[in-house]
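For reference, the chains in residue letters:
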Amino acid sequence: MPAVTAAVAPPTPDPATVVSGGANVRPVKASPEAQLRLLELADLDAELTRLDHRRRSLPEVAQLAQMHTRAAELRDGIVMADTELGDLGREQTRAEHDVEQVRSRIDRDRARLDGGQVSAARELENLQSEVQSLLRRQADLEEIVLDAMERREAADARRAELATEQASVAEQAAGLTAKRDAALEEISEQEAKARAARTALAADVPADVLALYERIRAQQGVGAAMLRRGRCEGCHLALHTVDLNQIRAAAPDEVVRCEECRRILVRTAESGL
Ligand SMILES: [Zn+2]
């Protein structure tokens, strides 16, 4: 059975399983030149696939995603630091206000003590004890003020650190974005060139051969491969002698296919026939 001869049987059965000689099947024919164009077409399709893969896997895209995550963390960190700074500021102001109140109370008590307005021993003692207690309260409040100030300084320093990193991340992201955009532009240019070349090339391939090529490509990824030294360059398997003999016997304009992967096999001077 001439199993290696390509054939088309529209619309069914699956072209990958069709062999010539079957019912409703006609062999696909193309000049050797047109068959060679299939190899160029396959090269261009491989390049288009490569470009598409490159576009999807640009390292800048992954790096930018990381940058955006970090930028969001920094934004959150700065918001938290600002909230903390506000809280601490209010805490400090409140404590300072309390210190002021206690201090003026002490001043008033001392004025009363020094002014000799208080003469009763009991009252005098009470007033002195109140001053002592107010002094302790003042010391405690001053401690609170100091503590709030220290925490504000630390929060300030942390915020400044975050802001510095935020600026550096923004700068790196801008650089990466420019790099990514340049790469994308270059890919698009190469893609446009390959597509134009492909369109021109496809116009020189008979429609039924092109349709067969496209169907195989849709199934296998690669539609046509060179037969090189008895080996299919699509699946890299060596052809059996019987298949090679059939290909040898096939007319040059007969489109033949690999028995293993069903790709169109294109014969060249290097085919080893
Ligand atoms: Zn093959």
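Since this is a predicted model, take the numbers as computed values, not measurements. (Residues numbered from 1 in each chain as written. Predicted model: local features only at pLDDT ≥ 70, side-chain atom pairs only at ≥ 80, totals over all residues. Heavy atoms only, no water.)

This part is about unusual backbone geometry. Of note in this structure, H236 is not a glycine but carries a positive phi near 65°. Counting through the fold element by element, H236 comes out in the loop between β4 (231-232) and α5 (241-249). Its identity is not glycine, yet R262 carries a phi of approximately 65°, on the positive side. By the element assignment, R262 lies in the loop between β5 (256-257) and β6 (264-267). (Helix = DSSP H or I, 4+ residues; strand = E, 2+ residues; numbered from the N terminus.)

Okay, helix α2 (residues 59-114) next. Compared with the 82 Å implied by 1.5 Å per residue over 56 residues, the 80 Å span of α2 between its first and last C-alpha is a close match. Trailing α2 by a residue or two, G116 shows a phi angle of about 65°, which is positive. (Expected span 1.5 Å × (residues − 1).)

Looking now at the layout of surface pockets. Considering only enclosed or pocket space, the largest pocket measures out at about 210 Å³ in volume. Considering the residues around the largest pocket, the lining is formed by 16 residues, among which L39, A42, D43, V222 and A224 are closest to the centre. The element best represented in the lining of the largest pocket is helix α1 (residues 32-56), accounting for 7 residues. Taken together, the residues of the lining of the largest pocket sort by class into 8 nonpolar, 3 polar and 5 charged. (1 Å grid on protein atoms, 1.4 Å probe; cavity = no way out; pocket = protein on both sides within 12 Å on 5 of 7 lines; lining within 4 Å. Points joined across faces, edges and corners; volume = space filled by probe spheres on them. Nonpolar A, V, L, I, M, F, W, Y, C, P; charged D, E, K, R; others polar.)

Turning to the coordination of the zinc ion, a few remarks are in order. Octahedral metal centres with six donors ideally show angles of 90 or 180 degrees, and tetrahedral centres with four donors ideally show 109.5 degrees. Only C232 (SG), C235 (SG), C258 (SG) and C261 (SG) from the protein coordinate the zinc ion, and they sit 2.3 to 2.4 Å from it. One can describe the donor arrangement at the zinc ion as tetrahedral, given that its 4 donor atoms subtend angles of 105 to 117° at the metal. (Donors = N, O, S within 2.8 Å, 3.2 Å for Na, K, Ca; no water. Tetrahedral: all angles 85-135°; square planar, octahedral: opposite > 155°, others 65-115°.)

A word on the nonpolar core. L38, L41, V209, Y213, V255 and I264 are the most contacted members of the largest nonpolar core, which totals 23 residues. Among the secondary structure elements, those contributing two or more residues to this core are α1, α3 (121-202), α4 (207-220), β3 (224-228) and β6. If you tally residues by element for this core, the top one is α1, at 7 residues. Those residues within four positions of L38 in sequence are excluded, and the remaining contacts are V205, V209, Y213, A224, I264 and V266. (Core = buried A, V, L, I, M, F, W, Y, C linked by side-chain atoms within 4.5 Å. Buried < 20%, exposed > 50% of the residue type's maximum accessible area, 1.4 Å probe, protein only. Contact = heavy atoms within 4.5 Å.)

Turning next to empty space enclosed by the protein. Across all of its chains, the model carries 1 cavity of 30 Å³ or more by this definition. In terms of lining residues, the largest cavity is bounded by L237, A238, L239, H240, D243, C258, E259 and E260. Partitioned by chemical class, the residues of the lining of the largest cavity number 4 nonpolar, 1 polar and 3 charged.

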